[in-house]
Amino acid sequence: MAIVTAPPVERAGVVVDERPTRRTAWRAVMLVSFVVLIAGLVRLAFSPIQEAAKLELGLSDYQISLIQGIAAALPMAVIAIPLGWLTDHSKRSRIMLILGLCWTVGMIGGAFASDFASLFVARMLAGVGAMSLIPVAISVLADLSSPEQRGRAMLFLGMGNTLGPALAFVVGGALFTAFAGDLDLPGVRLSAWRETSLVFGGVSALTLLLQLTVREPARHEVENAGASLGLMLKALGRRWRFLLPLFVGQISVIMADAAAGVWAVPVLQRDLGLSIGAAGALLGGLLLVAGVLGPVVGGFVADLGHRSSMRGGILVGAVVASALGVPAAVFPIMSSTLAFGAVLFVLLIAGAVTGLITATAIAVLVPNEERGVCLGAFMILGSLIGLGAAPILVTLGSRMLGGESHLAPSLAVVGVVTGAVSLVGFLVAMLNAPRTVGG
């Protein structure tokens, strides 16, 4: 066993722990993962109720796609690199609290939106806050866990990131059904989808108190704490043969998952005749099981692959999962609810596995002081292409096929194409993966 020597020290304003051994702080891992769960809930809280909001506000599918995609993608593209720099060089627990406040204000503001513009702004605040949390949380969890257990620590983050959206659909659908009936919030007289948004906003506000207990961990595996942003970007550029295909692989998965998250419930309502409550319960239930099973599989497979002698072994699970995701993308054109759910479940499991493995690969193979900037660059591409473009591509495709009634086949085409691209990306990334941190 290695001998623990010098305690944590401060270098270039960053607390660095150079001791070779440490234990995983599982309680702190769980706390951060719960905050990620709430962020995931807020991120997709509008999806189960969007058809009701669309009807009340007189919106089109295209406007909904802008609200669900570009609203958060554009500001994310602006703040991603600065946020990554701050993640690498400032107090991450404070950043998490600010982001939590941002998504809480956006969630509550959406309940009082009166038109497309005000709803766009509200969802922009909610989305940019919730989506920005992930790279910060990955950086924190990497320093809360030992390298040998990092995949298993990241699986709790992955579970939170998928269980949150699952609860958004399950609870959102149930609340909408209750508020559409006889239930009302005390002293509040709003439509069902607005009261549902208020409940989610209130839960998020309470979570801010919990975030105050998150403590900043010392940083590990730091090569150069005082390096400038320019040097960090150059360092990432030297790893482009690994990072670029990795980004392509995971962003393509994000596109398929984002399109499904936005349009699966409308397809269930329009083509298979399900109510908002039933459609939300189905999708939420699938996300709930996938949110537990996918990260567990991904975490253990990532650790197993990392311990193997195979180059890029940590990405083997992502290659297999992305291959399964290609045929699973045809779920929208299934003729029964049972087949729809079964095939969609495979897609969701595949997405959860690849997301966890990608996060673990970055946490293991990229030096600490470059992780935030690396994830910031990933956020730009992931936001603009993955989250911003995918919902819009589906609506444009349905227009080309004949209108909003052709939503299902358009969603299937987008999913299959992005799935094939993700498979190629992960294969190339695996072949070009460094053998050690910073290698």
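Since we're looking at a predicted model, the values are computed, not measured. Here, residues in each chain are numbered from 1, in the same order as that chain's written sequence. With pLDDT at 70 or above as the cut-off, local features in this predicted model cover only qualifying residues; side-chain atom pairs require 80 or more to be listed or tallied, and sums for whole chains, interfaces and linings still use all residues. Computation of side-chain values covers all heavy atoms of the structure but excludes hydrogens and water.

**Student:** I'd like a rundown of the overall build of the protein, residues and numbers included.
**Tutor:** Secondary structure assignment for the protein yields 14 helices and 2 strands. Excluding contacts between residues fewer than 6 apart, the proportion of contacts in the protein whose partners are at least 24 apart in sequence is 82%. Going along the chain from the N terminus, every DSSP run of H or I of four or more residues is numbered as a helix, and every run of E of two or more is numbered as a strand. We call two residues in contact when some of their heavy atoms are within 4.5 Å.

**Student:** Would you mind going over the packing of aromatic side chains in detail, with residue names and values included?
**Tutor:** Pairs were defined over the aromatic rings of Phe, Tyr and Trp, the Trp ring being its six-membered one, requiring ring centres within 6.5 Å. Orientation was assigned from the angle between planes: stacked under 30 degrees, edge-to-face over 60, tilted for the rest. Applying the stated rule across the entire model yields 3 aromatic pairs. Taking the centre distance of 6.5 Å and the plane angle of 75° together, the rings of Phe46 and Trp193 count as edge-to-face. On the criterion of sequence distance, the pair formed by Phe46 in the loop between α1 (26-43) and α2 (50-57) and Trp193 in helix α7 (residues 192-211) is long-range, its members being 147 residues apart. Their ring planes at 50° and their centres at 5.7 Å tell us that Phe116 and Phe120 sit as a pair that is tilted. Of this pair, Phe116 and Phe120 both sit in helix α5 (residues 116-144), 4 residues apart, which is roughly one turn of that helix. What makes Phe116 partly exposed here is its relative accessible area of 24%. Placement of a positive charge over a ring is assigned whenever Lys NZ or Arg CZ falls within 6 Å of the ring centre and within 35 degrees of the normal to the ring plane. Positioned above the aromatic ring of Tyr62 is the side chain of Arg399, whose terminal nitrogen or guanidinium carbon lies 4.9 Å from the ring centre. The rule is simple: take the accessible area with a 1.4 Å probe, protein chains only, and divide by the maximum for that residue type; under 20% is buried, over 50% is exposed, in between is partly exposed.

**Student:** Can you lay out a nonpolar patch on the surface for me, pointing to particular residues and giving the numbers?
**Tutor:** Patch membership requires over 30% relative accessible area and the absence of a salt bridge. Like charges are linked within 9 Å, and nonpolar side chains (Val, Leu, Ile, Met, Phe, Trp, Tyr) within 5 Å. Calculation of accessible area relied on Shrake-Rupley with a 1.4 Å probe; when residues are assessed, cover is drawn exclusively from the protein chains displayed. Salt bridges are defined by distance alone: a side-chain nitrogen of Lys or Arg within 4 Å of a carboxyl oxygen of Asp or Glu. Nonpolar side chains collect at one region of the surface, where Trp240, Leu244, Val248, Val413, Val417 and Val421 lie side by side and expose about 510 Å² of accessible area between them. Among the elements of the structure, α9 (240-272) and α14 (407-431) are those that each provide at least two residues to the nonpolar patch. Tracing the sequence through the fold places Val417 in helix α14.

**Student:** Quick rundown of the packing of α9 against helix α10 (residues 276-307)? Include the residues and the values.
**Tutor:** In this analysis, axes come from line fits to C-alpha atoms, helices being fitted only over the stretch in contact, and the angle between any two N-to-C directions falls in the range 0 to 180 degrees. Interaxial distance between α9 and α10 falls to 9 Å at its minimum, and their mutual angle equals 135°. Taken together, the axes of α9 and α10 lie oblique to each other. The chirality of how α9 crosses α10 is right-handed. Contacts between α9 and α10 involve Ala264, Val265, Leu268 and Gln269 from the former and Ile276, Ala279, Leu282 and Leu283 from the latter. Throughout, the ten residues Ala, Val, Leu, Ile, Met, Phe, Trp, Tyr, Cys and Pro are labelled nonpolar, Asp, Glu, Lys and Arg are labelled charged, and all others, Gly among them, are labelled polar. A breakdown of the residues in the contact of α9 with α10 according to their chemical character gives 7 nonpolar, 1 polar and no charged. Convention used here: angles under 35 degrees read as roughly parallel, angles over 145 as roughly antiparallel, angles from 65 to 115 as roughly perpendicular, and any remaining angle as oblique. Handedness of each helix crossing follows the sense of rotation of the near helix against the far helix: counterclockwise by less than a right angle gives left-handed, clockwise gives right-handed.

**Student:** If you had to explain the side chain of Gln50 to someone new, which residues and values would you point to?
**Tutor:** You can see Gln50 is positioned in helix α2. Since its relative accessible area comes to 1%, Gln50 is described here as buried.

**Student:** Go over the side chain of Ser197, please, and point to the residues and values.
**Tutor:** In this structure, Ser197 sits in helix α7. Here Ser197 is in contact with Ile49, Met107 and Ala111, once residues within four sequence places are set aside.

**Student:** Can you lay out the environment of Ile349 for me, pointing to particular residues and giving the numbers?
**Tutor:** When you line up the elements, Ile349 lands in helix α12 (residues 337-365). Measuring from C-alpha to C-alpha, the distance between Ile349 and Val292 comes to 9.2 Å, with 57 residues separating the pair along the chain. What Ile349 contacts, discounting residues up to four positions off in sequence, is Ala290, Leu293 and Gly294.

**Student:** Which residues make up the confidence of the model for the protein, and what values do they have?
**Tutor:** The quantity called pLDDT is the predictor's confidence in a given residue, expressed from 0 to 100. In the predicted model, the protein carries a mean pLDDT of 83, and 85% of its residues have values of at least 70. Within the protein, no element has a lower average pLDDT than strand β1 (residues 9-11), which sits at 47, and none a higher one than α14, at 94. Overall, residues 15-21 carries pLDDT values under 50, and its contacts beyond four positions in sequence, including any with other chains, amount to 25 contacts. The low-confidence segment residues 222-227 (pLDDT under 50) makes 17 contacts with residues lying over four places distant or belonging to another chain.

**Student:** Before we move on, can you summarise the pattern of salt bridges with the specific residues and values?
**Tutor:** This model, assessed by the stated rule, comprises 7 salt bridges. Measuring nitrogen to oxygen at the nearest pair gives 3.3 Å for the salt bridge that ties Lys54 to Glu404. Placement of the pair is Lys54 in helix α2 and Glu404 in the loop between α13 (368-401) and α14, with a sequence separation of 350 residues. Judged by its relative accessible area of 36%, Glu404 falls in the partly exposed class. Here the residues in one salt-bridge network are Glu51, Lys54, Asp61, Arg270 and Glu404, joined through shared partners.

**Student:** An account of the packing of helix α3 (residues 61-89) against α9 is needed here, citing residue identities and associated values.
**Tutor:** Each pair of packed helices can be described by the angle between their axes along with the distance between the axes. In the contact formed by α3 and α9, the axes pass within 11 Å of each other and the chain directions differ by 150°. Looking at the two axes, α3 sits roughly antiparallel to α9. In this structure, α3 uses Asp61, Ile64, Ser65 and Gln68 to contact α9, whose residues at the interface are Val262, Trp263 and Arg270. Among the residues making up the contact of α3 with α9, the classes are represented as 3 nonpolar, 2 polar and 2 charged.

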